[in-house]
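Inside the fold
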Amino acid sequence: MVGITQPRPGEHVNANGVWDLLQNKGKMTVFSLCLLLCADLLDLAVGYLTVTIEPLPPVVVGETVTLKCNFKTDGRLREIVWYRVTDGGTIKQKIFTYDAMFNTNYSHMEDYRRREDLVYQSTVRLPEVRISDNGPYECHVGIYDRATREKVVLASGNVFLTVMSPPNNISVVAENTPAPFSRYQAQNFTLVCTAKGGKPAPSVYFKRDGELIEVIAYTQSSSEQGGGSAGVRGARPLISRDLDDTKLQRSLSLLDPEGRAPLPRPYTESTQHVHTQGQQANEPSPATEVIPETVVSREFPRWVHSTDPLYYFSHTHIPQSDGSVVVQARLTWTLNPQLDNDALFSCEVKHPALSMPMQTEVTLAAPKGPKLSMSPTRAKVGDTVRITVQGFQVGSPGNEVFPEPLFTWTRVGGRLLDGSTERDGKELILERVPAELNGSMYRCTAQNPLGSTDTHTRLIVFENPSMMKNTQNQNNGGSRMDVLGLTWMALVLTVTVELT
């Protein structure tokens, strides 16, 4: 080791420590002294270069981002190059270059459709960022080597750009629809809320009549993806709609759908809930609604739902190729037509890129008397008749029914024209109707899980003049042939008698 003594008070030491080395040269070898002097001279020749980049806060798609590269050097600047790093750092794509020798800058992106702007040599602005711009970036700065003036000394810094995208579409549908109505037993019902285009994945939750719903989170297996399942446990009796116009409004907490351990699945483990006792709901009595030229009857459940259902919640995340995530949230419970009819359910989506939640809502409604139209209005024998569902009675929310109804056609007292007993769809087609169908009654049953309603319409078939004319012509032609035949027979008999 080479010993170096501290300077005495009053002695001056230069910045490079050369004086100190000369003071102690007796204690150092010549080789060590030369080595230190060469290192000091080399440092003076190379100079220094440091690069730092200011961290960036998350930005939203469409905003403008400024990438600022700060560097310090006492050397001569050669170039500044910005890279975008992809594939985990294995690929570096050059996006912008500043050439200090010629004082020029140019972009390497967008196939001559330049998006980057040079602000000041090392600072680049990216207008209207996209999800694809998300990721790490590096700034490389090069200075000339003072010793050779041919080599370039490089230093770099990096920064990560986080691009957020709010959901661009949310929708609510009923799973497994159209579905029939069961008037004898309860059935499960599932709402599916889908949020598309979010990055990172948004939080999705449900409300009923404007109030958060208390849910039990569970994990769906692959066999349950097609249809939600939920259990019903002992809870408070139903509250009559006549006594509670709020339709059981709730103001309850919601489990965070992100990263929470799933609770037991439906039907597998009891969950304690505190409920208040209420009056049992009375079963509504059948009603009759009159539509001009039709007969309408509504069906109501013949069972009384004696418990308040538990709501079960699950969600799935589906990554997309552009970096966004599609979130599907499911809310499953045992449907109660007496209380759920006309209930307003909403799906809300929270995202850090949104100042307020996005929302879409649906109102559950049973079908209320479908309106039928017949074409042609005056059907004649041999015509093709179409009986079509045009809509529903005014009075249902938005004159629409949710979930989507299932329409079934039958003929009262007989089979349909094609021999079948019933047919599904919004339209019934009767091809080349015969006169025998005059006065026949057809029933259209519209049903969804909330209720069922029947609408009847009568088919009136008029005589077809063109067909009658053809028939008469055929009959007249036959008569003339008969007359000619009799005439020939009489002539033959006359000739025979005269010859004999």
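Further up the page is the structure itself.
Residues numbered from 1 in each chain as written. Predicted model: local features only at pLDDT ≥ 70, side-chain atom pairs only at ≥ 80, totals over all residues. Heavy atoms only, no water.

Here we take up the overall build of the protein chain. Scanning the protein chain from terminus to terminus reveals four helices and 31 strands. Here the protein chain holds 500 residues, and the buried ones make up 40% of them. Counting only contacts in the protein chain whose residues sit at least 6 apart along the sequence, the fraction spanning at least 24 positions is 66%. In the form shown here, the protein chain has an accessible surface area of approximately 28,300 Å², with 53% of it arising from carbon and sulfur atoms. (Helix = DSSP H or I, 4+ residues; strand = E, 2+ residues; numbered from the N terminus. Buried < 20%, exposed > 50% of the residue type's maximum accessible area, 1.4 Å probe, protein only. Contact = heavy atoms within 4.5 Å. Areas by Shrake-Rupley, 256 points an atom, 1.4 Å probe, with all protein chains shown as cover.)

Relative to the elements of secondary structure, Lys207 occurs in strand S14 (residues 203-208). Side-chain polar atoms of Lys207 contact the side chain of Glu348, separated by 3.2 Å. Among residues more than four places away in sequence, those in contact with Lys207 are Leu212, Ile213, Leu344, Phe345, Ser346 and Glu348. (Polar contact = N/O pair within 3.5 Å; in protein donor to acceptor, adjacent residues only side chain to side chain.)

With that settled, consider the sheet that holds strand S28 (residues 427-430). What the three strands build is an open sheet, ordered S23-S25-S28; its pairing is antiparallel. In this open sheet, the two strands that pair with only one neighbour each are strand S23 (370-375) and S28. Pairwise comparison of adjacent strand axes, ignoring direction, gives a mean angle of 20° for this sheet. Here strand S25 (residues 385-392) pairs with S28 via four bridges, running antiparallel. In the strand pairing of S28, Arg386 is matched with Ile429. (Pairing = 2+ DSSP bridges. Axes fitted to C-alpha atoms, helices over the stretch in contact; angles between N-to-C directions.)

Membership of the largest hydrophobic core comes to 28 residues, with the highest contact counts inside it found for Leu191, Val204, Phe206, Leu331, Trp333, Phe345 and Leu364. For this core, the secondary structure elements donating two or more residues are strand S12 (169-174), strand S13 (188-198), S14, strand S19 (311-319), strand S20 (325-334) and strand S21 (344-350). For this core, the element with the highest residue contribution is S20, accounting for five residues. With near-sequence residues (within four places) excluded, Leu191 lies in contact with Val172, Val173, Ala174, Phe206, Ala329, Arg330, Leu331, Trp333, Phe345 and Phe402. If you look at the next biggest cluster of nonpolar residues, it comprises 24 residues, including Trp82, Tyr98, Tyr137 and Val163. (Core = buried A, V, L, I, M, F, W, Y, C linked by side-chain atoms within 4.5 Å.)

Summed over all chains, the structure comprises six aromatic pairs. Above the face of the Phe462 ring, Arg378 is positioned so that its terminal group lies 3.9 Å from the ring centre. (Phe/Tyr/Trp six-rings, centres within 6.5 Å; stacked < 30°, edge-to-face > 60°. Lys NZ or Arg CZ within 6 Å of the ring centre and 35° of its normal.)

Mapped onto the elements of the fold, Thr332 is located in strand S20. You can call Thr332 buried: its relative accessible area is 0%.

With that out of the way, let us pick up the pattern of salt bridges. Applying the stated criterion across every chain yields a total of nine salt bridges. Asp99 serves as the salt-bridge partner of Arg78, at 2.7 Å between the closest nitrogen and oxygen. Of this pair, Arg78 sits in strand S4 (residues 77-86) while Asp99 sits in strand S5 (residues 91-99); the two residues are 21 residues apart in sequence, bridging distant segments of the chain. Judged by relative accessible area, which is 11%, Asp99 ranks as buried. Between Asp340 and Arg208 there is a salt bridge whose closest N-O contact spans 2.6 Å. Taken together, the residues Asp340 in helix H3 (residues 337-340) and Arg208 in strand S14 connect sequence positions 132 residues apart. With respect to burial, Asp340 and Arg208 carry one shared label: buried. Salt bridges linked by common partners bring Arg208, Asp209 and Asp340 together as one network. (Salt bridge = Lys/Arg side-chain N within 4 Å of Asp/Glu carboxyl O.)

Ordered by their spatial adjacency, five strands build an open sheet running S12-S13-S20-S19-S16, and the pairing between neighbours is mixed. For this open sheet the edge positions go to S12 and strand S16 (215-217), each flanked by a neighbour on one side alone. Pairwise comparison of adjacent strand axes, ignoring direction, gives a mean angle of 25° for this sheet. Of the strand pairs in this sheet, S19 and S20 are connected by eight bridges, and their pairing is antiparallel. Bridge pairing in S20 places His317 opposite Val327.

Okay, the pairing of S21 next. Of all seven residues in S21, five are buried; the element is thus mostly enclosed. In the sheet, S14 pairs with S21 via six bridges, with the strands oriented antiparallel. Each bridged residue has a counterpart across the sheet, and for Arg208 the counterpart in S21 is Phe345.

Take the environment of Arg84 next. For Arg84, the position within the fold is in strand S4. Residues Arg84 and Leu161, 77 residues apart in the sequence, show an inter-C-alpha distance of 10.0 Å. Sequence-distant contacts of Arg84, defined by excluding residues within four places in its chain, comprise Ile91, Lys92, Gln93, Ile95, Ser132, Asp133, Asn134, Pro136 and Tyr137. At 2.3 Å, the side chain of Arg84 and the backbone oxygen of Ser132 are in polar contact.

Tallied over the entire structure, the rule returns two disulfides. Each sulfur of the disulfide joining Cys69 and Cys139 lies 2.1 Å from the other. Handedness of the Cys69-Cys139 disulfide follows from its S-S torsion of about -90°: it is left-handed. Placement of the pair is Cys69 in strand S3 (residues 65-73) and Cys139 in strand S9 (residues 135-144), with a sequence separation of 70 residues. When sorted by exposure, Cys69 lands in the same class as Cys139, which is buried. Linked covalently through their sulfurs, Cys193 and Cys347 form a disulfide whose S-S length is 1.9 Å. Taking the sign of the S-S torsion, -75° for the link of Cys193 and Cys347, the bridge is left-handed. You can see Cys193 sitting in strand S13 and its partner Cys347 sitting in strand S21, a full 154 residues away along the chain. In this structure Cys193 comes out as buried when scored by relative accessible area, which is 0%. The class for Cys347 is buried, based on a relative accessible area of 0%. Here the protein chain pairs its bonded cysteines, counted in sequence order, in the arrangement 1-2, 3-4. (Disulfide = S-S within 2.5 Å.)

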